[in-house]
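Listed below are the residues making up each chain.
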Amino acid sequence: MADKIELTKKDRLAVAWRSTFIQGSWNYERMQNGGWTFSMIPAIKKLYKTKEDRAAAMKRHMEFFNTHPYLASPILGVTLALEEERANGADIDDVAIQGVKVGMMGPLAGVGDPVFWFTVRPMLGALGASLAIGGNILGPIIFFVAWNIIRMGFMWYTQEFGYKAGSKITEDLSGGLLKDITKGASILGMFVLAALVERWVSIKFTPVVSTVKLAKGAFIDWTNMPKGSAGVQQALQDQASGLSLTPDKVTTLQQNLDQLIPGLAGLLLTFLCMWLLKKKVSPIVIILGLFVVGIGAHVLHIL
Amino acid sequence: MSAISMILVVLVAFLAGIEGILDEFEFHQPLVACTLIGLVTGNFTAGIVLGGTLQMIALGWANIGAAVSPDAALASVASAIILVLGGQGVKGVPAAIAVAVPLAVAGLFLTMVVRTLAVPIVHAMDAAAEQGNIRKLEVWHILAICMQGIRIAIPAAALLFIPAKTVAGFLNSMPAWLTDGMAIGGGLVVAVGYALVINMMATKEVWPFFVLGFVVAAITQLTLIAIGAIGVALALIYLNLEKMGGSSNGGGGNNTGDPLGEILNDY
């Protein structure tokens, strides 16, 4: 062999782009295998010239594969490095390549789920949604743009990292770095989730706890108000100085709860849902149940 | 609705269906899908509001391993179409949400059908690999992707052919106590998404951060971005402190794990 065949940056970009579609033929038998092979094709074309070699390469990549779709990128990078060496005559057999893939996919999936599905997406989603609920177009835009920048950056750089590190990556990743990322994401996730529970699980109890007649002078005296704009001015001044608008002070159950711990009801509801989920109650059942509770409680004037 | 709008709606539905499996660009997330459908049908604001509201409910829905979560793609696309046909604008959001949730369950069934149908496709890809036929393998993969898109595009197209009057009539016949109750229920349902996520992440070690987050959130002046920044800082501080503790325990020898003692010894 005269020249060393090398995968250029263009080849590696093509693989990265195709890995966007890695879950496209997701199936119950071998999961992401089709998408994985689809992603490897630019490299296979470059590295192997005979039909037999190409067939063999495609066949060995059609084996079972499943991980987090974005964390497939570093594995692709390593596999590209291995395939390149193999095409240049190094002694790397099918078992070695399959071993690297299987060895990496489990631990990496364990990082991808908490980081992307349970931290980044709920956070960006909640940020976007809180803007969108008010009809603000920035909500969807921020979510879409930020998500895709993070995702594409992550996929390309981790694939390059895998390609450069080659098979050494397994040692690097099993070390402190992976653990740190997962733990850091969990800390951030728990912190922000708690804030979201406090702000966005909305329960407003409407029952009136007490109605107290206010003393004269504590509320605006509407009967002795000057006529016209002078009266409006007087009323606004009275209100600004802290006088009540009505002669009764109405306190709802919600106001009492908010004085104690704001968001307590939402927190308790969240804990109830967690407990139900742990008891293997399907989330769908809980969701439908909560709608029923919401309607029922509204009809009974509790919420 | 004009023909162009209808074609664009089906196109958005197709993209959302593909994304429902790929999970890459996130076209299937309510925030994006509902906004796009609002955009192509001229119901921009209502679409955004629906997207935001539904997104809050769907925050914790994620495909993990072989497990499938409620189908955000069908829920967002179908509820947005119903919102548009109902013609009530932002006021129709609670009613649209009410339809979205059962649809998310129905979508689950369609997903399982398509994932099973993908098995023979992968066998065709095996055959292509055997022959060394790259082109054929690629075509099968692309077909599998399109099949995922069609999963949402067909129900969306079917909904478009229900006359707007029928949908509006149906939505108007919903009494106020039902739609108001649905809106209240929507506020409660958000908790399920959070509970799903918390159950996945919670360990003894990270619970104190939950307490901090809950208390800090009561300060209403803090935006979500500020809360995120505090969270990042806390995570970094914790990881760094943990390393210092780790090195002093494992170091042995001169390193006693007592910084004050070390300083004194140096004197």
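Note that residues are indexed from 1 along each chain, following the sequence as it is written. Here chains are named by letter from A upward and ligands by number from 1 upward, in the order in which they appear as written. Given that the model is predicted, a residue must reach a pLDDT of at least 70 before its local features are reported, and side-chain atom pairs must reach 80 or more before they are shown or counted; all residues, however, enter totals for whole chains, interfaces and linings. The side-chain numbers reported here are obtained from all heavy atoms of the structure, hydrogens and water having been left aside.

Draft legend 1. Examining the interface of chain A and chain B more closely. Listed per partner, the contact involves 106 residues of chain A and 106 residues of chain B. When two components associate, each loses some accessible surface as probed by a 1.4 Å sphere; the sum of these losses over both components is called the buried area. On the chain A side of the interface with chain B, the three residues burying the most area are Met190(A), Phe191(A) and Phe291(A), jointly 9% of the side's total. Here, a salt bridge means any Lys or Arg side-chain nitrogen found within 4 Å of an Asp or Glu carboxyl oxygen. The interface formed by chain A and chain B holds nine salt bridges in total. For Lys59(A), the salt bridge identified is with Glu130(B), shortest N-O distance 3.1 Å. By the criterion applied in these results, polar contacts are pairs of N or O atoms within 3.5 Å in which, for protein atoms, one can donate a hydrogen and the other can accept it, and in which residues neighboring in sequence qualify only through two side-chain atoms. If you look at where chain A meets chain B, you find 22 residue pairs in polar contact (both at pLDDT 80 or more). Of all the secondary structure elements, the ones that give two or more residues to the side of chain A that touches chain B are α1 (9-18), α2 (33-47), α3 (51-61), α5 (94-132), α6 (138-165), α8 (176-200), α11 (264-278) and α12 (283-299) of chain A. Every helix listed is a DSSP run of H or I at least four residues long, and every strand listed is a run of E at least two residues long, numbered separately from the N terminus. Top element by residues in the side of chain A that touches chain B is α8(A). It accounts for 19 residues. Here the side of chain A that touches chain B is built from residues that sort into 64 nonpolar, 27 polar and 15 charged. Here, two residues are considered to be in contact whenever any of their heavy atoms come within 4.5 Å of each other. For this classification, the nonpolar set comprises Ala, Val, Leu, Ile, Met, Phe, Trp, Tyr, Cys and Pro, the charged set comprises Asp, Glu, Lys and Arg, and every other residue, Gly included, is treated as polar.

Draft legend 2. How the structure looks around the UniProt feature "transmembrane region" (unreviewed entry) in chain B. Residues and elements named next belong to chain B. UniProt positions are given in the numbering used here, feature names are shortened, and annotations may be inferred rather than shown by experiment. Here the UniProt-annotated "transmembrane region" (unreviewed entry) positions come out as residues 30-52, 64-87, 93-118, 139-162, 182-202 and 209-239. When the span residues 30-52 is considered, its composition is 91% helix and 0% strand, and the gap between its end C-alpha atoms is 7 Å. Taken end to end, residues 93-118 is 100% helix and 0% strand, and its first and last C-alpha atoms sit 35 Å apart.

Draft legend 3. The side chain of Thr158(A), seen in detail. Residue and element names in this part refer to chain A. Of note, Thr 158 is situated in helix α6. A polar contact is formed between the side chain of Thr 158 and the backbone oxygen of Met 155, at a distance of 3.4 Å. For Thr 158, the residues in contact, after removing those within four places along its chain, are Ser 73 and Pro 74.

Draft legend 4. Seen up close, the packing of helix α1 (residues 3-22) of chain B against helix α2 (residues 30-41) of chain B. Residues and elements named next belong to chain B. Orientation is described by lines fitted to C-alpha atoms, with helices fitted over the stretch in contact, and by angles between N-to-C directions that extend from 0 to 180 degrees. Contact geometry of α1 with α2 gives a least axis separation of 9 Å together with a crossing angle of 170°. Our classification of the angle between α1 and α2 gives roughly antiparallel. Each of Ser 5, Leu 8, Val 9 and Val 12 in α1 lies in contact with α2, whose residues at this interface are Ala 33, Leu 36, Ile 37, Val 40 and Thr 41. Counted by class, the contact of α1 with α2 contains seven nonpolar, two polar and no charged residues. Relative orientations are named as follows: roughly parallel for angles under 35 degrees, roughly antiparallel for angles over 145 degrees, roughly perpendicular for angles from 65 to 115 degrees, and oblique for any other angle.

Draft legend 5. Highlighting unusual backbone geometry. In the Ramachandran plot, Lys280(A) falls in the positive-phi region, its phi being about 70° despite a non-glycine side chain. Looking at where Lys280(A) falls in the secondary structure, it is placed in the loop between α11 and α12. We call a residue buried when its accessible area falls under 20% of the maximum for its residue type, exposed when it is over 50%, and partly exposed in between, using a 1.4 Å probe and counting protein chains only. The exposed category is assigned to Lys280(A), whose relative accessible area is 74%. Here Asp23(B), not a glycine, exhibits a phi torsion of approximately 55°, which is positive. Topologically, Asp23(B) is positioned in the loop between α1 and α2. Assessed through its relative accessible area of 1%, Asp23(B) is described here as buried.

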